[in-house]
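Notes for the structure review
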Amino acid sequence: CSSDLRILASLPDVDLVAVVDTNRARAEEIAAANNTKALFEPGALLGQVDAVSIAAPTERHLELALPFLEAGVPVLVEKPMARTLEEADAMIAAAAKSGVVLAVGHTERFNPAVDAARTMLRDPRFIEVHRLGTFPERSLDIDVVFDLMIHDLDVVLSLVNSEVESIEAVGVPVLTGRVDIANARLRFRNGCIANLTASRISRDRVRKIRFFQPAAYVSIDYAAQKVEMYRLVKGEGPMPKIDGGDMPVQNEEPLKRELADFIDAVVSKRAPKVDGQQGRRALDLCARIVAAM
């Protein structure tokens, strides 16, 4: 929440009206740090704002977003967009009825490394994903599939032009009552296979995704915003050579790009890069993975 406010306050043509938190002390502290006012009830914003960004526990997304969408106020909601597909559908329907923007905060889609790699991917046949994190010091109202793996599921869905045909998955609740480490193997209709591992109980932080396609290999390090590509190149002799290395990436804060896209979508009255339907698609795949466990 504090990062969102810091960035929103720095964006041109954005007037930060208020921060809302039911924790009064926290609201006042964050508001003072960002030179804005503190409010304690979301409804107090109605009639005062042109757009809202919702960063709250998933269980509250629908109740917080719906009044604004019904009032014609564009909404950016954090991932996962809702607890259930029914809640996601209610948000999508409200946005469509009011004709306003509904964006979902899948921040990795705005990672410059993902954009750089996208131009190099033609027909990936195998995708390997590792998203490993240390145990978080925050409330965990969702399991690791909806908490962490969903980032990569959204990225994979945006890069593989095919439907998921079958799923194998396993999840283990290690330190909490919810799944803390999970692995999913997805088979797409076009034959591509994606193997994803997500953990929030690891000693090291790893956020990497690797793509294997005919005659080429592409690797993304999300955290370092680094892309490597290696490919076979026909030489003068009978044997091809391997060419490649680090690819150019224009580093920038993904969250800043996400918020800037939302603001531009609101002002330009266009669809955001990640809209409600794409947020729903990632949520649906998460639910299918959990059901397969």
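Anyway, here's the lowdown on the structure attached to this text. (Residues numbered from 1 in each chain as written. Predicted model: local features only at pLDDT ≥ 70, side-chain atom pairs only at ≥ 80, totals over all residues. Heavy atoms only, no water.)

This next bit is on empty space enclosed by the protein. Evaluation of the coordinates by the stated rule reveals 1 cavity of 30 Å³ or more. Approximately 40 Å³ is the volume attributed to the largest cavity. Surrounding the largest cavity, L76, A103, V104, F110, E258, D261, F262, P272 and V274 form its lining. Of all the elements in the fold, those that place two or more residues in the lining of the largest cavity are β5 (102-105) and α7 (254-268). Ranked by the residues each element gives to the lining of the largest cavity, the list is headed by α7, at 3 residues. The residue inventory of the lining of the largest cavity, partitioned by class, reads 7 nonpolar, no polar and 2 charged. (1 Å grid on protein atoms, 1.4 Å probe; cavity = no way out; pocket = protein on both sides within 12 Å on 5 of 7 lines; lining within 4 Å. Points joined across faces, edges and corners; volume = space filled by probe spheres on them. Helix = DSSP H or I, 4+ residues; strand = E, 2+ residues; numbered from the N terminus. Nonpolar A, V, L, I, M, F, W, Y, C, P; charged D, E, K, R; others polar.)

Relative to the elements of secondary structure, R288 occurs in helix α8 (residues 276-292). Residue R288 is classed as partly exposed on the basis of its relative accessible area of 34%. In terms of polar contacts, R288 uses its side chain to reach the backbone carbonyl oxygen of V164, at 3.3 Å. (Buried < 20%, exposed > 50% of the residue type's maximum accessible area, 1.4 Å probe, protein only. Polar contact = N/O pair within 3.5 Å; in protein donor to acceptor, adjacent residues only side chain to side chain.)

Moving on, we come to the nonpolar core. In terms of nonpolar packing, the biggest core is built from 74 residues, with M81, L186 and I289 touching the most fellow members. When residues of this core are assigned to their parent elements, the largest contribution, 11 residues, is made by helix α6 (residues 144-159). Grouped together as the second largest cluster of nonpolar side chains are 17 residues, L8, V19, L76 and I263 included. (Core = buried A, V, L, I, M, F, W, Y, C linked by side-chain atoms within 4.5 Å.)

Let's shift gears to the sheet that holds strand β6 (residues 126-132). Taken together, 8 strands build an open sheet; the order of strands is β7-β8-β9-β6-β10-β11-β12-β13 and the sheet is mixed. Taken across any chain shown, the strands that pair with only one partner, and hence form the sheet edges, are β7 (164-172) and β13 (241-247). Looking at each pair of strands side by side, their axes are set apart by 10 degrees on average, direction ignored. With 7 bridges joining them, β6 and strand β10 (residues 206-213) adopt antiparallel strand pairing. Residue pairing for β10: L132 is matched across the bridge by V206. Across the face of the sheet, α6 comes into contact with β6, β7, β8 (181-188), β9 (193-199) and β10 while running at roughly 155 degrees to β9. Contacts between α8 and the sheet are confined to β7 and β8, with β7 contributing the most and set at about 60 degrees to the helix. (Pairing = 2+ DSSP bridges. Axes fitted to C-alpha atoms, helices over the stretch in contact; angles between N-to-C directions. Contact = heavy atoms within 4.5 Å.)

Approximately 220 Å³ is the volume found for the second largest pocket. Every residue lining the second largest pocket is listed: L157, V160, N161, S162, E163, V164, Q277, R280, R281, D284, L285 and R288. Of the residues forming the lining of the second largest pocket, the biggest block, 6 residues, is contributed by α8. Counted by class, the lining of the second largest pocket contains 4 nonpolar, 3 polar and 5 charged residues.

Together, F135, V170, V172, V174, L175 and I181 make up a nonpolar patch on the protein surface, roughly 490 Å² of accessible area in all. Residue placement: I181 occurs in strand β8. Assessed through its relative accessible area of 31%, I181 is described here as partly exposed. (Patch = residues over 30% accessible without salt bridge, like charges linked within 9 Å, V, L, I, M, F, W, Y side chains within 5 Å. Areas by Shrake-Rupley, 256 points an atom, 1.4 Å probe, with all protein chains shown as cover. Salt bridge = Lys/Arg side-chain N within 4 Å of Asp/Glu carboxyl O.)

Turning to the sheet that holds strand β3 (residues 52-54), a few remarks are in order. In space, the 3 strands of this open sheet follow the order β3-β4-β5, with parallel pairing throughout. For this open sheet the edge positions go to β3 and β5, each flanked by a neighbour on one side alone. For this sheet, the mean inter-axis angle between neighbouring strands, taken without regard to orientation, is 20 degrees. Sheet topology places β3 next to strand β4 (residues 75-78); 3 bridges connect them, and they run parallel. Paired with S53 across the bridge in β4 is L76. The strands touched by α7 within the sheet are β3, β4 and β5, with β4 carrying the most contacts at an inclination of about 150 degrees.

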